Amino acid sequence: MPGGPLSGITVVDLSRVLAGPYCTMMLADLGARVIKVERPDGDDARQMGPFIDGTSAYFASVNRGKESIVLDLLVPSDRSVFEALLDGADVLVENFRPGVLERLGYGWEKVAVRWPGLVLASVSGFGQTGPYSDRPSYDMVAQAMGGIMSITGPPGGDPVRVGSSIGDLAAALFCAVGVVSALFERRVSGVARHVDVSMLDSQVALLENAIVRYGASGVVPGPLGARHPSITPFGVFRAASGTRLVIAAGNDEIFGRLCRVLELADVARDERFSTNESRCLHEMELEGLLEAALAARPADEWLVVFEKARVPCSPINDVAAVLADPQVAARRMIITLDDSGSPGAGSPGSPGSPGAGSGSSSGSPGAESPGSPGAESPGSPDSGSAAIAGLRVAGNPIKLSGVEDPTTRPGAPGLDADRDTILAELGIHRRERAMATDVSASFEVTSWNEEPFDQRADGAKLTTATVTKSYSGDIEGDSVTEWLMAYAEDGSASFVGVERIDGTVGARRGTMVVRHVGSFEGGAATAELTVVAGCGTGELAQATGRGDFLADPAGKVQLELEFG
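None of these values were measured; they are calculated from a predicted model.

## Topic: the nonpolar core
By size, the foremost hydrophobic cluster in this structure holds 28 residues, and its most contacted members are Val-11, Leu-27 and Val-91. Elements with a minimum of two residues in this core: α1 (19–29), β6 (91–94), β7 (119–124), α7 (166–189) and β8 (194–198). The element that contributes the greatest number of residues to this core is α7, accounting for seven residues. What Val-91 contacts, discounting residues up to four positions off in sequence, is Ile-9, Thr-10, Val-11, Val-12, Leu-118, Val-119, Val-179 and Leu-183.

The following block contains the structure:
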């Protein structure tokens, strides 16, 4: 949306599937530039139907107008690109499971120090705090746990999911409000905030009067079908020929007009129906009287009569009828995607593009980090392009004076389609690594600290290793940006870790977070460590060495790594 109120705002979008992407799509509709950072196998939504010519229409519907770049945040060169993106960004949106972003090195405590003007928005199933914070969630889980399913559906029937993904969408809406509010505060005070939005919290917020009804009466609200719990008549009514319509008489005056149109003067004077409170107490009797009168005509004829009498009413449209409705068209709420892809799209990329590693993560909010070792990439009909010319999708419901509201919008980006454009803007041109020479590094593991790591069903644990490092030799300048990555395998245990530490050349200490899976009691695993040292954003040296990690906390291992 050129000239929108968020024009000039850059959003880096680490989210996937629905809640996060829907939030960032709204920000894009309001004028923000959204750069979607995808793992090498792409957003899970690219593999979700329906498909048009092998491309996910589902993905296209919530990722229009964005740009795409593939980055594996366990690959040092890709982390450098990601951090360069954050250098120029205003907002970072993510929906990993709480704790994943911290393990990647981009938790709020670090972000707030290094990028003090960056708003971090986190959407998760249960929020960043609380006893459920590390649980995975999907829309259905949020709807069920948040109570909305318990008040949806016919009386006495089975619990029913709301027909759209209100668990995800409510969180997306609240997150967008939080982001805009944080941007406003930053403009006034210069302070950026961490926006923490939970799908469960959002469902509780949408319970509306169910909470206060329970507090006032002590009766647990249940499903009421299409009727309103506090207003009568307010629901679906049968008319002639099996047709139905909605009537919403929200106050006594409207109810009086409804009775006049239906020629029910006696009903209007009846003490059982004289006030909204009394009508709610006698809802079933009133419904029978109204439907007896409505049986004289089909619903479409009554709609004309009620509209003239200014009685709020509606047909019950299916999706096809909604798309054909003249009011919806006049408000430009159904738009089409053009075939240009994302606003800055270059040549479509592929999962094999430079800097792309391997890995996968679950589509649920709070899933594991991109590039998780051992994960397999799910196949898809076509993850390389997401522009579907002529696809009809929902438009932007926020109408602003003086702001363009076009009937066509740029499509969603192909996977990695904007890599060249984005790298060029950052001054990065797929350069080869310049290697330093005559540099060595010494590593000594001085302590272990194990704690439960129950986010995997295989019993993985989180281990923190404190490492002492020293360098010798010639590195350009007097500072070094160090990436420490480790992977160990002895048949019973595996490790992966990554940490970035900035500082001066010389003896330094730092912490590396690694994960190990499987039995690792009293034994040792052979570790392979890769270190990338750099000056500024340019990578200068890389080395790999092997040694033993001991399970004994008192054990120490020293790895001599030669650069060059």
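## Here we look at the sheet that holds strand β10 (residues 244–248)
Across the sheet, which stays open at both edges, the three strands sit in the order β9-β10-β11 with antiparallel pairing between neighbours. Each edge of the sheet is formed by a strand with only one pairing partner; in this case those strands are β9 (234–238) and β11 (313–314).

## Here we look at the pattern of salt bridges
With the rule as written, the count across this model stands at 22 salt bridges. Here Glu-38 ties to Arg-46 by a salt bridge, and the two come within 2.6 Å at their closest N and O atoms. Note that Asp-405 and Lys-399 form a salt bridge whose closest N and O atoms lie 2.7 Å from each other. Residue Lys-399 is classed as partly exposed on the basis of its relative accessible area of 28%. A single salt-bridge network, built from bridges that share partners, covers Asp-29, Arg-64, Lys-399, Asp-405 and Arg-409.

## Considerations on helix α14 (residues 299–308)
Within the sequence span of α14, burial applies to Ala-299, Trp-302, Leu-303 and Phe-306. All buried residues of α14 lie within an arc of 105° about the axis, which places them on one face of the element. Away from the buried face of α14 by more than 90 degrees, exposed residues Asp-300 and Lys-308 are located. A positive backbone phi angle near 60° is found at Arg-310, which sits one or two residues after α14.

## As for the confidence of the model for the protein
Within the protein, residue pLDDT values average 75, and 67% of them lie at 70 or more. With pLDDT under 50 throughout, residues 344–384 is counted as low confidence; its partners more than four residues away or in other chains account for 128 contacts. With pLDDT under 50 throughout, residues 430–564 is counted as low confidence; its partners more than four residues away or in other chains account for 342 contacts.

What counts, and where the lines are drawn
- Residues numbered from 1 in each chain as written.
- Predicted model: local features only at pLDDT ≥ 70, side-chain atom pairs only at ≥ 80, totals over all residues.
- Heavy atoms only, no water.
- Core = buried A, V, L, I, M, F, W, Y, C linked by side-chain atoms within 4.5 Å.
- Buried < 20%, exposed > 50% of the residue type's maximum accessible area, 1.4 Å probe, protein only.
- Helix = DSSP H or I, 4+ residues; strand = E, 2+ residues; numbered from the N terminus.
- Contact = heavy atoms within 4.5 Å.
- Pairing = 2+ DSSP bridges.
- Salt bridge = Lys/Arg side-chain N within 4 Å of Asp/Glu carboxyl O.
- Arc of directions from axis to C-beta.
- pLDDT = per-residue confidence, 0-100.

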